[in-house]
Amino acid sequence: MQFQWYPGHMTKAKRAMQEDLKLIDVIIELVDARVPFSSKNPDIDQLANGKSRIIILNKYDLADAECTSSWMKYYEEKGYFVTKVNAKSGAGVKAVNDVIQKACQEKIERDRKRGILNRPIRAMIVGIPNVGKSTFINSFAKKACTKTGNKPGVTKGKQWIRLNKNVELLDTPGILWPKFEDQAIGLRLAFIGSIKDELYNIYELSILLLEYLNEHYPDSVSSFYQITSEQVPSSQLEAIAKRRGCVKSGGMLDVDKAAKCFVDDFRAGKLGAISLEQVNQ
């Protein structure tokens, strides 16, 4: 399978972000803790132009804790300010304000020397589709500021949000980049739902995800679905179809429906805390 998704509105959004950067003190990039490398947009590095950078690993509850710690260290060593959150539950969100203050310490000090006190920090929040930006913003602001959804493309335009007396946040639409040089990156983004499901074969995707889980988390599937530890993905899907009652008229197993159920269960974290890439890959 080939993975690519870069509709016209993403080009427009990228240009708008470039324009707005002159208003910004710090860039906050939300990545998915299960794929902290693949979900980090390389185009943001080109746009950043020396701005302070914060990386937030969202959905850390869905990821392997040991892998998450390694990725946090990896990005800290590259000069980013790094923290992790579970935007859905609010875990870790309160600490983000301190990270923003720390990342902007030099700017705050410059303002102070000029006699400018209590000017809010202006932060731009960026991220690929379906990484949880809107959920994070609503959790951070403690109110519903943005639309949320479990599919890519919910945020269509930019908006300024006053989070508190210290921080103003510019929300931006989720954007990818024009071409994945490595199709493994596209595959991982498809696994987590950052590329529209309609653009690829869900059965094939489920087979590839099962292959990965069999190698790295061998008990995750059999344990959740209460099926025997089959090592052949196609047999596993048939067992999941039986377990879930995915049957077509005439009694045939509906493996496509089972594939969709399986991928949705993975994305929801029902199979356990799973990371899809390691620092030393």
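Participant: How should I be thinking about the overall build of the chain in this particular structure?
Facilitator: The number of helices and strands found in the chain is eleven helices and six strands. Relative to the compact-globule value of 19 Å for 281 residues, the chain shows a C-alpha radius of gyration of 20 Å, a close match. Along the longest, intermediate and shortest principal axes, the C-alpha atoms of the chain span 75 × 35 × 35 Å. The proportion of buried residues among the 281 residues of the chain is 50%. If you take every contact in the chain between residues at least 6 apart in sequence, the share linking residues at least 24 apart comes to 68%. Carbon and sulfur atoms make up 48% of the accessible area of the chain, which amounts to about 13800 Å² in all. Put simply, the chain has 42 plus and 33 minus side-chain charges, and the middle of one group is 9 Å from the middle of the other.

Participant: Even after reading the chapter, I still don't get the packing of helix α8 (residues 202-216) against helix α11 (residues 255-267), so can you show me in this structure?
Facilitator: Where α8 contacts α11, the two axes come as close as 9 Å, and the packing angle between them is 50°. Taken together, the axes of α8 and α11 are oblique relative to one another. Like other packed secondary-structure pairs, α8 and α11 cross with a definite hand, here left-handed. Touching Ile202, Tyr203, Leu205, Ser206, Leu209, Leu210 and Leu213 of α8 are Val255, Asp256, Ala259, Lys260, Phe262, Val263, Phe266 and Arg267, all from α11. Taken together, the residues of the contact of α8 with α11 sort by class into eleven nonpolar, one polar and three charged.

Participant: Which parts of the structure should I look at to understand the packing of helix α7 (residues 183-192) against α8?
Facilitator: For the pair α7 and α8, the least separation of the axes is 11 Å and the interaxial angle reads 100°. The angle between α7 and α8 falls in the class roughly perpendicular. The segment α7 lies against α8, with Leu187, Ala190 and Phe191 engaging Leu205, Leu208 and Leu209. By residue class, the composition of the contact of α7 with α8 is six nonpolar, no polar and no charged.

Participant: Please explain the side chain of Arg53 as it appears in this structure.
Facilitator: Within the fold, Arg53 resides in strand β2 (residues 52-58). Residue class for Arg53 comes out buried when judged on its relative accessible area of 10%. A distance of 3.2 Å separates the side chain of Arg53 from the side chain of Glu29, its partner in a polar contact. Every residue in contact with Arg53, bar those within four places of it in the chain, is listed here: Val26, Ile27, Glu29, Lys40, Ile44, Asp45, Ala48, Tyr80 and Phe81.

Participant: Sorry, what's going on with helix α10 (residues 233-244) here?
Facilitator: Three or four residues apart is the spacing at which side chains of an α-helix point the same way, because the helix has 3.6 residues per turn. With twelve residues, α10 ought to run about 16 Å at 1.5 Å a step, and its terminal C-alpha atoms sit 16 Å apart, in line with that. Those residues of α10 that fall on the buried side of the exposure criterion are Pro233, Gln236, Leu237, Ala239, Ile240 and Ala241. Taken together, the buried residues of α10 touch α8, α9 (220-225) and α11. Taken from the residues just after α10, Gly245 is the one with a positive phi, measuring 70°.

Participant: So what exactly am I meant to see when it comes to the confidence of the model for the chain here?
Facilitator: Fine structural detail should not be taken from predicted coordinates in areas where pLDDT scores are low. Looking at the chain, pLDDT values average 89 and 91% of them are 70 or higher. The model gives residues 147-156 a pLDDT under 50, and that stretch makes 25 contacts with residues more than four places away or in other chains.

Participant: What should I look at first to understand the pairing of strand β1 (residues 26-32) in this one?
Facilitator: Looking along a regular strand, one sees the side chains alternate between the two faces of the sheet. Within β1, seven of the seven residues are buried, leaving the element largely enclosed by the surrounding structure. Alternating positions in β1 separate into two faces, Val26, Ile28, Leu30 and Asp32 on one and Ile27, Glu29 and Val31 on the other, with burial throughout. As paired elements, β1 and β2 share seven bridges and run parallel to each other. Following the sheet pairing, Ile28 is matched in β2 by Ile54. On the question of chirality, the crossover connecting β1 to the parallel β2 by way of helix α2 (residues 42-48) is right-handed. As defined by bridge partners, β1 adjoins strand β4 (residues 121-126) across four bridges and the pair is classed as parallel. In the sheet register, Ile27 faces β4, and the bridge partner there is Met124.

Participant: For this particular structure, what's the right way to read the environment of Leu30?
Facilitator: As for its placement among the helices and strands, Leu30 is situated in strand β1. On a C-alpha basis, the gap between Leu30 and Val263 in space is 22 Å, while along the polypeptide they are 233 residues apart. Each residue touching Leu30, except ones within four places of it in the same chain, is listed here: Ser39, Ile56, Asn58, Ile125, Val126, Gly127, Val131, Gly132, Lys133 and Phe136.

Conventions adopted
- Residues numbered from 1 in each chain as written.
- Predicted model: local features only at pLDDT ≥ 70, side-chain atom pairs only at ≥ 80, totals over all residues.
- Heavy atoms only, no water.
- Helix = DSSP H or I, 4+ residues; strand = E, 2+ residues; numbered from the N terminus.
- Rg over C-alpha atoms; globule rule 2.2 N^0.38 Å.
- Buried < 20%, exposed > 50% of the residue type's maximum accessible area, 1.4 Å probe, protein only.
- Contact = heavy atoms within 4.5 Å.
- Areas by Shrake-Rupley, 256 points an atom, 1.4 Å probe, with all protein chains shown as cover.
- Lys, Arg positive; Asp, Glu negative; His and termini not counted.
- Charge placed at Lys NZ, Arg CZ, Asp CG, Glu CD.
- Axes fitted to C-alpha atoms, helices over the stretch in contact; angles between N-to-C directions.
- Parallel < 35°, antiparallel > 145°, perpendicular 65-115°, else oblique.
- Left-handed = near helix turned anticlockwise from the far one by under 90°.
- Nonpolar A, V, L, I, M, F, W, Y, C, P; charged D, E, K, R; others polar.
- Polar contact = N/O pair within 3.5 Å; in protein donor to acceptor, adjacent residues only side chain to side chain.
- Expected span 1.5 Å × (residues − 1).
- pLDDT = per-residue confidence, 0-100.
- Pairing = 2+ DSSP bridges.
- Right-handed = clockwise from strand over helix to strand, strands pointing away.

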